[in-house]
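Reading the structure
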Amino acid sequence: MAYQGVPGAYSEAAAGKAYPNCDPIPCDQFEVAFQAVEIWIADRAVLPVENSLGGSIHRNYDLLLRHRLHIVGEVQLPIHHCLLALPGVRMEHITRIISHPQALSQCENTLTKMGLNASREAVDDTAGAAEYIATNNLRNTAAIASVRAAELYGLQTLAKGIQDDSSNVTRFVILSREPIIPRIDRPFKTSIVFVQEKGTNILFKVLSSFAFRNFGLPCNFEMVSGLGRGPAVQF
Ligand SMILES: O=C(O)C(=O)Cc1ccccc1
């Protein structure tokens with residue numbers, strides 16, 4: 001299963017939660033994870049799409065539109081962030097905090113309350129931030145990442161559970177080359193993308209026909225940029 005990041009990233013944990021016996025394949029970028037499935041290096045890719053704190057990850061919804069992979073599953077992963085640094089480094093030595101943008105925003109209030117006078121810097125993934133500190137022996141820098149990332153890259157945990165909301169959960173979707181054809185023996189979740197042409201009210205018409213037939217209303221509702229063809233609406 002392809003995922004974006006290096007070992008210890010939350011996406012790797014999501015892959016393991018979805019398929020405990022899978023072989024996780026780390027990829028530099030989400031694009032690379034999609035391509036790994038498209039060219040048969042991997043059978044599945046895992047992609048974070050939404051967080052209980054930060055909301056939707058719009059860039060990743062855009063990726064779904066630009067590629068021809070199908071959503072075949074979903075995983076909800078509780079996220080417990082830690083502040084990691086090299087062994088022996090103390091909180092007062094930290095002048096820079098690096099992590100994935102989602103992780104930085106999910107811990108912003110806690111970091112402020114901790115009185116850390118440190119700049120924030122976004123990098124590609126949380127575990128990659130931990131690896132970067134270890135490889136470059138950075139004693140003034142801390143990473144926001146998982147306990148597993150700390151173990152893998154030999155960092156110490158300065159603080160645990162630093163997410164602003166203790167029930168911080170990220171929703172990941174599992175992608176495949178082949179779709180799952182929904183059956184009628186149990187409920188299936190479906191994603192539908194609409195491209196809104198100016199003045200057509202298409203979304204209103206579709207939602208009305210759902211309501212008219214007493215369909216359960218969609219639970220996720222996203223605005224995505226829509227491939228330069230005007231705004232699309234996805235749920
Ligand atoms: O960077 C990671 O480890 C990821 O898998 C992306 C991410 C970052 C923060 C919360 C959930 C997923």
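Residues numbered from 1 in each chain as written. Predicted model: local features only at pLDDT ≥ 70, side-chain atom pairs only at ≥ 80, totals over all residues. Heavy atoms only, no water.

Put simply, the rule reads: UniProt positions are given in the numbering used here, feature names are shortened, and annotations may be inferred rather than shown by experiment.
As recorded in an unreviewed UniProt entry, the protein chain goes by arogenate dehydratase and comes from Forsythia ovata. The heading Pathway (unreviewed entry) in the UniProt record of the protein chain holds the text "Amino-acid biosynthesis; L-phenylalanine biosynthesis; L-phenylalanine from L-arogenate: step 1/1." Under Subcellular location (unreviewed entry), UniProt gives the following word-for-word description of the protein chain: "Plastid, Chloroplast stroma".

Remarks on the sheet that holds strand E7 (residues 96–99)
Rules: Strands were regarded as paired on the criterion that DSSP finds at least two bridges between them. Counting from the N terminus, the helices are the DSSP runs of H or I reaching at least four residues and the strands are the DSSP runs of E reaching at least two. Axes, fitted as lines to C-alpha atoms, cover a helix only where it is in contact. Angles between the N-to-C directions of the axes lie from 0 to 180 degrees. What makes two residues a contact is simply this: any of their non-hydrogen atoms within 4.5 Å.
Strand order in the open sheet made by the 5 strands is E8-E7-E9-E6-E10, with mixed pairing throughout. Where the open sheet ends on each side, the last strands, each with one partner, are strand E8 (119–122) and strand E10 (156–160). For this sheet, the mean angle separating the axes of adjacent strands, direction not counted, is 30 degrees. As paired strands, E7 and E8 are joined by 4 bridges and run parallel to one another. Bridging across to E8, Arg96 finds its partner in Ser119. Against the sheet, helix H5 (residues 126–135) contacts strand E6 (82–85), E7 and strand E9 (141–145), and its axis sits at roughly 155 degrees relative to E9.

Quick word on the site of the ligand
Stated formally: Nearness is judged by heavy atoms alone; a residue qualifies as near a molecule or strand once a single heavy atom is within 4 Å of it. Any pair of N or O atoms that falls within 3.5 Å is considered a polar contact. Within protein, one atom must be able to donate a hydrogen and the other to accept it, and sequence-neighbouring residues count only if both atoms are side-chain atoms. In this description, accessible areas are obtained by the Shrake-Rupley approach with a 1.4 Å probe, and a residue is regarded as covered only by the protein chains that are shown.
The environment of the ligand is formed by Ala9, Tyr10, Ser11, Ile79, His100, Gln102, Ala103, Asp125, Thr126 and Thr170. Within the backbone of Tyr10, a nitrogen or oxygen atom sits 2.8 Å from an oxygen atom of the ligand. Separating an oxygen atom of the ligand from a side-chain N or O atom of Ser11 is a distance of 2.7 Å. About the coverage of the ligand: the protein hides 100% of its 320 Å² of free accessible area. Among the secondary structure elements, those contributing two or more residues to the shell around the ligand are helix H1 (10–18) and helix H4 (101–113).

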